[in-house]
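Chain by chain, the residues:
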Amino acid sequence: TEALAHDMKVTKIMYFMSECLQNASEKVFLEPYRPAVTNQLEEASNISIQALLPARKEIDNMVNKLILHPIYRALNKRIVSIMGRMHQEGAYLNQQGSSRSNGLENAEGANVSSFVHKHLSGFYDILYGKFLQKLPPPYSFVVGSAVSIFSVYTFVSTASLIRPMGEGAKMQLTQDLADF
């Protein structure tokens, strides 16, 4: 949406501001005087770094609270709806026989599609292309970590409720956990 595009631009601007604050002490107190940097200039640079640290923390807190947190909460809601399909479609319930090594066919020769490949892989591709790739690295890490932790937790919690589970389903579930 338009608001999301705006928020992505704001994260880039705020990241740039934070980086400028981080590099300001070096550029003001040390770079102009190289190679004749004195102890006084290094001390002034260190004092400046400490003085600017609260501003950098405030920028990161603001971005996390007002932009990143709502983004990964919305993404986590989508994950919940995707994981709900595990029960709606009866994933892992109809797999009674032992599955073959590729996990795509069971003993009866029926096509058994991996839940992760069928439902989650596309979502994660979109997540990477629309969000993680466009965010600055530290913010991308925050969103990616929050979504991946939530995904694993939700997958395991949802899968643990499936009963009864045959041997083939257990093998497929193990493969899906490995694919995660």
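Structure first, text after, so check above.
Report on the accompanying structure. Computed from a prediction, not measured in an experiment: that's the story for all the values here.

1. So, the overall build of the protein
A tally of helices and strands in the protein yields five helices and zero strands. Going from the N terminus to the C terminus, the protein shows its helices and strands as α-α-α-α-α. Buried residues in the protein amount to 34% of all 180 residues. Within the protein, counting contacts between residues at least 6 apart in sequence, those at least 24 apart form 75% of the total. Surface accessibility of the protein: about 11,200 Å² in total, with carbon and sulfur atoms responsible for 59%.

2. Overview of the pattern of salt bridges
According to the stated counting rule, one finds one salt bridge in the structure shown. The closest approach of N and O atoms between Arg34 and Glu26, which form a salt bridge, is 2.7 Å. On the basis of relative accessible area, Arg34 is assigned to the partly exposed category, the value being 46%. Here Glu26 falls in the partly exposed class, since its relative accessible area comes to 29%.

3. Quick word on the nonpolar core
Leu75, Met86, Tyr92, Phe115, Val143 and Phe155 are the most contacted members of the largest nonpolar core, which has 33 residues in total. When contributions to this core are tallied by element, the ones reaching two or more residues are helix 1 (2-30), helix 2 (39-88), helix 3 (115-132), helix 4 (137-159) and helix 5 (167-179). For this core, the element with the most residues is helix 2, which contributes 11 residues.

4. Looking at a nonpolar patch on the surface
Taken together, Val152, Val156, Leu177 and Phe180 make up a surface patch of nonpolar side chains, about 310 Å² in accessible area. Note on placement: Leu177 falls in helix 5. Given a relative accessible area of 42%, Leu177 falls into the partly exposed group.

5. Let's talk about the environment of Glu26
In this structure, Glu26 sits in helix 1. Separated by 15 residues in sequence, Glu26 and Leu41 place their C-alpha atoms 9.7 Å apart. Apart from residues lying up to four places away in sequence, Glu26 is in contact with Glu31, Pro32, Arg34 and Ser45.

Criteria and cut-off values
- Residues numbered from 1 in each chain as written.
- Predicted model: local features only at pLDDT ≥ 70, side-chain atom pairs only at ≥ 80, totals over all residues.
- Heavy atoms only, no water.
- Helix = DSSP H or I, 4+ residues; strand = E, 2+ residues; numbered from the N terminus.
- Buried < 20%, exposed > 50% of the residue type's maximum accessible area, 1.4 Å probe, protein only.
- Contact = heavy atoms within 4.5 Å.
- Areas by Shrake-Rupley, 256 points an atom, 1.4 Å probe, with all protein chains shown as cover.
- Salt bridge = Lys/Arg side-chain N within 4 Å of Asp/Glu carboxyl O.
- Core = buried A, V, L, I, M, F, W, Y, C linked by side-chain atoms within 4.5 Å.
- Patch = residues over 30% accessible without salt bridge, like charges linked within 9 Å, V, L, I, M, F, W, Y side chains within 5 Å.

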